[in-house]
Amino acid sequence: MSDAQMRPESPVNPIPRVVLALFGCIVVVEMVLTMANQGLVGGAQGVGWRIYATQEFAISPALVDRMFEHGDYSWGTLRRFVGYTFVHINFTHALFAGALLLALGKFISDFLHPASVFAIYVASAVAGALAFAFALDGRMPLVGAYPPVYGFIGAYTYLTWLNLKFMGANQLNAFRLIAVLLALQLVFALLFGGNKDWIADVAGFVVGFGMTTLLVPGGWAAFLARLRNR
C-alpha cells in the first residue's frame, strides 16, 4: 500500500488558493490601514492613509462618466474596478466581507474551477461598479468587497438551486440567503440611513448567478439544451 493510500483524507476540504489569495489581499490592506490609523505605521501621515486609499481606488459615478466621456482607459482608472474591493470603510466593514468571502468562496470552489471562481469575483466587481456609477450621480465613493461577495452569493444560489432540483425540493428555497441579506440592508437603511451600495451588490449577485449557469461543469451544454427545448 502506497503512502498516498495510507494517508487519511481530511474530512474538511482545504480552502482553495484563489480564495485565500483574495482574502489575503483584503486582510493585508486592512491591517496596514488599521495600524496606520492607530499611529503604529506611517507616523503622523499614516492617519490619512485610508482616505488616500479611498481616493486612489474608489469608484464614483463622476469618475466613470469622465472615463467614458474622455476615453480615459488608463491603468490608473481601470485598476479601480477591482482595486476598490480591497479597500474598506473600517475594520468591521472588512471583517464581514472577508468572512463571507471565505465561507462562500470555499463552498463554490467545491463545484467550480479556481479560474471560474476568480472570473466571478472580477466580473461581479466590475458589474457592481458600473451599475453603481450608472444608477447614481456625483462623487459618492464605492469601496469594499461586497459586490464580488454578492457575486459569490449568486453562484451559491445557483448551485443550491441545482441541488434542490436534484432532490426534488422547492427550488425557491435557494434564494433565502439573498432575500435575508437584502431585507437586512433595507432595515438598516430605514433605521440608520444608508447609501446606495446595494445597487452594486445586486448587480454582483446577478452576474455571479448568471456566470455560474455557464461555468458549472456541463453548464454550457445544459444551457444550450434548455434553449433548444423552448
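Here, every reference points to the structure presented above.
This one's a predicted model, so the numbers in the text were calculated from it and none came from an experiment.

1. Things to note about the overall build of the protein
Okay, so step 1: The helix and strand inventory of the protein stands at 12 helices and zero strands.
Okay, so step 2: Scanning the protein from its N terminus toward the C terminus, one meets helices and strands in the order α-α-α-α-α-α-α-α-α-α-α-α.
Okay, so step 3: Relative to its full complement of 230 residues, the protein shows a buried share of 37%.
Okay, so step 4: Within the protein, counting contacts between residues at least 6 apart in sequence, those at least 24 apart form 77% of the total.
Okay, so step 5: Accessible surface for the protein amounts to roughly 13200 Å². Of this, 67% is attributable to carbon and sulfur atoms.

2. Section: the side chain of Thr-160
Okay, so step 1: Assignment of secondary structure puts Thr-160 in helix 9 (residues 146-167).
Okay, so step 2: For Thr-160, a relative accessible area of 16% corresponds to the buried category.
Okay, so step 3: Here the side chain of Thr-160 touches Tyr-156 through a polar contact of 2.8 Å, landing on its backbone oxygen.
Okay, so step 4: Apart from the residues within four sequence positions on either side, Thr-160 is in contact with Phe-107 and Ala-174.

3. Thoughts on helix 9
Okay, so step 1: Between the first and last C-alpha of helix 9 there are 31 Å, a value that for 22 residues agrees with the 32 Å anticipated at 1.5 Å per step.
Okay, so step 2: Just downstream of helix 9, Gly-168 is the residue with a positive phi angle, here 75°.

The rules behind each value
- Residues numbered from 1 in each chain as written.
- Predicted model: local features only at pLDDT ≥ 70, side-chain atom pairs only at ≥ 80, totals over all residues.
- Heavy atoms only, no water.
- Helix = DSSP H or I, 4+ residues; strand = E, 2+ residues; numbered from the N terminus.
- Buried < 20%, exposed > 50% of the residue type's maximum accessible area, 1.4 Å probe, protein only.
- Contact = heavy atoms within 4.5 Å.
- Areas by Shrake-Rupley, 256 points an atom, 1.4 Å probe, with all protein chains shown as cover.
- Polar contact = N/O pair within 3.5 Å; in protein donor to acceptor, adjacent residues only side chain to side chain.
- Expected span 1.5 Å × (residues − 1).

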